[in-house]
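Commentary on secondary and tertiary structure
The chain contents come next:
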Amino acid sequence: MPELNLILLGPPGAGKGTQAERLQADFSLAHISTGDMLRSQVAADTELGRKAKLYMDEGELVPDDVIIEMITQRIDEPDAREGFLLDGFPRNESQADALDSALRAHDRRLTAVLQIEVPDDEVVRRLTGRRVCVKNPSHIYHVELDPPKHERICDQDGARLIQREDDSEQTIRRRLEVYHSQTTPLIDYYERAGLLRRFDGTRAPEEVHTHLRATLATLRLEEQI
Ligand code: AMP
């Protein structure tokens with residue numbers, strides 16, 4: 001099977017985590033979320049976690065050196081050598097360049113960049129109502145749009161649901177500013193590289209998934225030829 005090395009690009013709350021969880025199962029890709037990796041460092045109270053938390057709580061980006069080191073090691077692990085789905089990385093041009101060099105050094109390359117588009121107002125609506133499972137942060141709900149069967153309990157594993165600390169309206173606004181100033185230039189960057197595919201993230205999650213899955217199936221076929 002050819003490798004599918006993919007990036008999910010989009011604002012916070014675009015549904016990247018939800019879609020990554022589904023695509024991981026469909027295509028046996030390693031789902032690599034820098035946000036989840038950082039949050040588990042915070043939960044374990046490591047030195048890296050303590051440092052990262054200062055930035056995360058403000059909605060700012062964690063310094064590049066920390067993130068780049070974390071990702072270059074992760075994409076080299078056995079499960080990711082068959083293909084990966086990056087969620088939340090890269091977030092600026094220097095991270096994108098670092099990824100490029102790390103892949104090139106191992107004779108690998110990106111297959112595609114999947115951009116999920118959602119307007120700011122919708123992001124705010126989604127994130128203020130978002131609840132995540134304490135045990136598995138890929139289990140994601142929304143108090144109105146996708147509530148769990150029992151209030152504050154994860155349908156999948158019965159664990160408690162919590163609101164992320166950075167899902168307050170003020171921090172969401174800052175995260176959006178950071179996204180527009182630092183991450184959106186990557187849209188052009190990958191467009192120029194001929195890697196960009198766009199998806200309408202305002203559609204129902206199931207529809208977005210169907211669309212993404214069809215695209216990835218085609219990409220995999222093209223890679224085989
Ligand atoms: P996310 O779960 O992707 O929304 O990430 C939550 C927070 O983690 C962000 O607001 C940043 O503070 C930090 N973070 C995640 N990924 C990155 C990255 N690639 N570069 C810098 N900071 C990041």
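If you're wondering where the values come from, they're calculated on a predicted model, not measured in any experiment. (Residues numbered from 1 in each chain as written. Predicted model: local features only at pLDDT ≥ 70, side-chain atom pairs only at ≥ 80, totals over all residues. Heavy atoms only, no water.)

1. Re the sheet that holds strand β7 (residues 161-162)
Note the threshold: Each pair of strands is called paired provided DSSP finds at least two bridges between the two strands. Secondary structure elements are taken from DSSP: a helix is a run of H or I of four residues or more, a strand is a run of E of two residues or more, and numbering for both begins at the N terminus.
Read from one edge to the other, the open sheet built from 3 strands follows the order β6-β5-β7, with strand pairing classed as antiparallel. Only two strands of the sheet have a single neighbouring strand rather than two, namely β6 (140-142) and β7. When strand β5 (residues 130-133) meets β6, the two strands line up antiparallel, connected through 3 bridges. Looking across to β6, one finds that Arg 130 is bridged to His 142.

2. Details of the state of the cysteines
Here, disulfide denotes a covalent bond that connects the sulfur atoms of two cysteines. Put simply, the rule is: Our working definition of a disulfide is a cysteine sulfur pair at a distance within 2.5 Å. For every residue, the accessible area (1.4 Å probe, protein chains only) is compared with the maximum for its type, and the residue is labelled buried under 20%, exposed over 50%, or partly exposed between those bounds.
Tallied over the full model, the rule gives 0 disulfides. We note that Cys 133 lacks a disulfide partner, and the nearest cysteine sulfur, in Cys 154, lies 3.9 Å from it. Taking the relative accessible area as the measure of exposure, Cys 133 reaches 2% and is therefore buried. When its relative accessible area of 2% is taken as the criterion, Cys 154 is described as buried.

3. Quick word on the layout of surface pockets
Using the following cut-off: As defined here, a cavity is a set of points on a 1 Å grid over the protein atoms alone where a 1.4 Å probe fits but cannot get out. A pocket is an open set with protein on both sides within 12 Å along at least five of seven lines, and residues line them when an atom is within 4 Å of a point. Grid points are joined across faces, edges and corners, and a volume is the space filled by probe spheres set on the points. Asp, Glu, Lys and Arg are counted as charged, while Ala, Val, Leu, Ile, Met, Phe, Trp, Tyr, Cys and Pro are counted as nonpolar; the rest, among them Gly, fall into the polar class.
Put simply, the second largest pocket is a space of about 450 Å³. Along the wall of the second largest pocket there are 17 residues; nearest its centre are Arg 39, Val 42, Ile 162, Arg 164 and Glu 165. Of all the secondary-structure elements, those providing two or more residues to the lining of the second largest pocket are α2 (34-43), α3 (47-56) and β5. Sorting elements by how many residues they give to the lining of the second largest pocket places α2 first, with 5 residues. Here the residues of the lining of the second largest pocket sort into 8 nonpolar, 2 polar and 7 charged.

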